[in-house]
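Observations on the model geometry
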Amino acid sequence: MTVTLQNDLLTVVIEDAGAQLSSIQSPDGTQYLWQGDPAIWPRRAPLLFPIIGRLKDSQYTLEGTTYTIPTHGFCRTAPFTVVEQDSRHAVFQYSDTPETREVYPFSFVLTVTYTLEGSCLTKTHRVENRSDHPMLYELGGHDGFRAPLAQGEKMADYAIRLPGLEAIHPYGMDEACMTTPKEAVYPLENGRIPLSPAAYHLDTIILDQPPQAKAVLEDGQDRPRVTLEFQDFPYLGIWTANKPFDTGYICIEPWTTLPDAVFVGRGLADKQGIRTLEAGQCEELTYTAAFT
């Protein structure tokens, strides 16, 4: 099942499976969202919950018990229920199940709301702890945007700009894709980050939240095409598949938590940035994308 939001500037299609964006299109036919390709990257904009990235041996510990959980958690294909919708907003909801509790022993409700206003699409995540004890969780976006967007352009023409930064100091990554401490500082030419993490010999560029909590996908003429604002998210990932050719997309990923790292323990509570909700508590985390 899909839900469509529409105004004079954008048509947005969202799937109930994973509450995942399926299409973001302008009236002139410009498709902003990566449409998936099994030979490159089959997904489009998966939701990361209750963990971000991969864990060492796909495992974490909690109160003496070891749990095995898939990379990025279990919400990427989870069957969300559409609980509210009209032409400008849609609300999706997913709750724990016996299967989720086997890998993540908490009772929760995750509500995802999309709101379309002009050329901006806002995604709000409401996380509610229905357990009778504190709940630990991670949450993030993994939205893939097409680059280039127009015929005659090349992916190499595009770049990410992080307003307020003239250099980046990313976390490192080992051969197992575990995060390692920051080392090198990379000056940015005209403030632009190339659309290939391999340019820095990394699988993923992982950064602390930039000064303005904003990332801008720019074309070869320095025009902003997608602007993501993510004040609620302390970390940012920038990723595309490492291929010997242009992949045609870039993921701009706001994260609450740093992916698993060599400098943290195996416990879920050890993860850098892990969020905690007390019993019965809830919180909302929002990011907004603007398209031009």
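Look above for the structure.
Everything in this summary refers to the structure shown in the same document. Counting of residues starts from 1 at the beginning of each chain's written sequence and follows it residue by residue. Reporting in this predicted model follows two pLDDT cut-offs: at least 70 for local features of residues, and 80 or more for side-chain atom pairs to be given and counted; totals over whole chains, interfaces and linings ignore these cut-offs and use all residues. With hydrogens and water excluded, all non-hydrogen atoms of the structure serve as input to the side-chain values.

Here we look at the layout of surface pockets
We apply this condition: Two kinds of site are reported from a 1 Å grid over the protein atoms alone, namely cavities, where a 1.4 Å probe fits but cannot get out, and pockets, open sets with protein on both sides within 12 Å along at least five of seven lines, and residues are called lining when an atom falls within 4 Å of a point. Grid points are joined across faces, edges and corners, and a volume is the space filled by probe spheres set on the points. In the scheme used here, Gly and all other residues not listed as nonpolar or charged are polar, with Ala, Val, Leu, Ile, Met, Phe, Trp, Tyr, Cys and Pro taken as nonpolar and Asp, Glu, Lys and Arg as charged.
Space inside the largest pocket adds up to approximately 380 Å³. Surrounding the largest pocket, 21 residues form its lining, R54, H72, D203, T204 and W239 being those nearest its centre. Across the lining of the largest pocket, the residue classes break down as 10 nonpolar, 5 polar and 6 charged. Approximately 190 Å³ is the volume attributed to the second largest pocket. Counted by class, the lining of the second largest pocket contains 8 nonpolar, 4 polar and 2 charged residues.

Considerations on the environment of A241
Applied cut-off: Only runs of H or I of at least four residues qualify as helices and only runs of E of at least two qualify as strands under DSSP, and these elements are numbered from the N terminus. A contact between two residues is defined here by any heavy atoms of the two lying within 4.5 Å.
In this structure, A241 sits in the loop between strand 21 (235-239) and strand 22 (249-255). Residues A241 and W41, 200 residues apart in the sequence, show an inter-C-alpha distance of 6.9 Å. Not counting chain neighbours up to four residues away, the residues in contact with A241 comprise I40, T247 and Y249.

Quick notes on the side chain of H89
Operational definition: Exposure is judged per residue with a 1.4 Å probe applied to protein chains only, and the accessible area is read against the type maximum: over 50% gives exposed, under 20% gives buried, and values in between give partly exposed. Polar contacts, as used here, are pairs of N or O atoms within 3.5 Å; protein pairs need one atom able to donate a hydrogen and one able to accept it. Residues neighboring in sequence count only if both atoms are side-chain atoms.
When you line up the elements, H89 lands in strand 7 (residues 89-95). With a relative accessible area of 18%, H89 lands in the buried category. Among the polar contacts listed, one links the side chain of H89 to the side chain of E84, at a separation of 2.9 Å. When sequence neighbours within four positions are dropped, the list of residues in contact with H89 reads L5, E84, T113, Y114 and T115.

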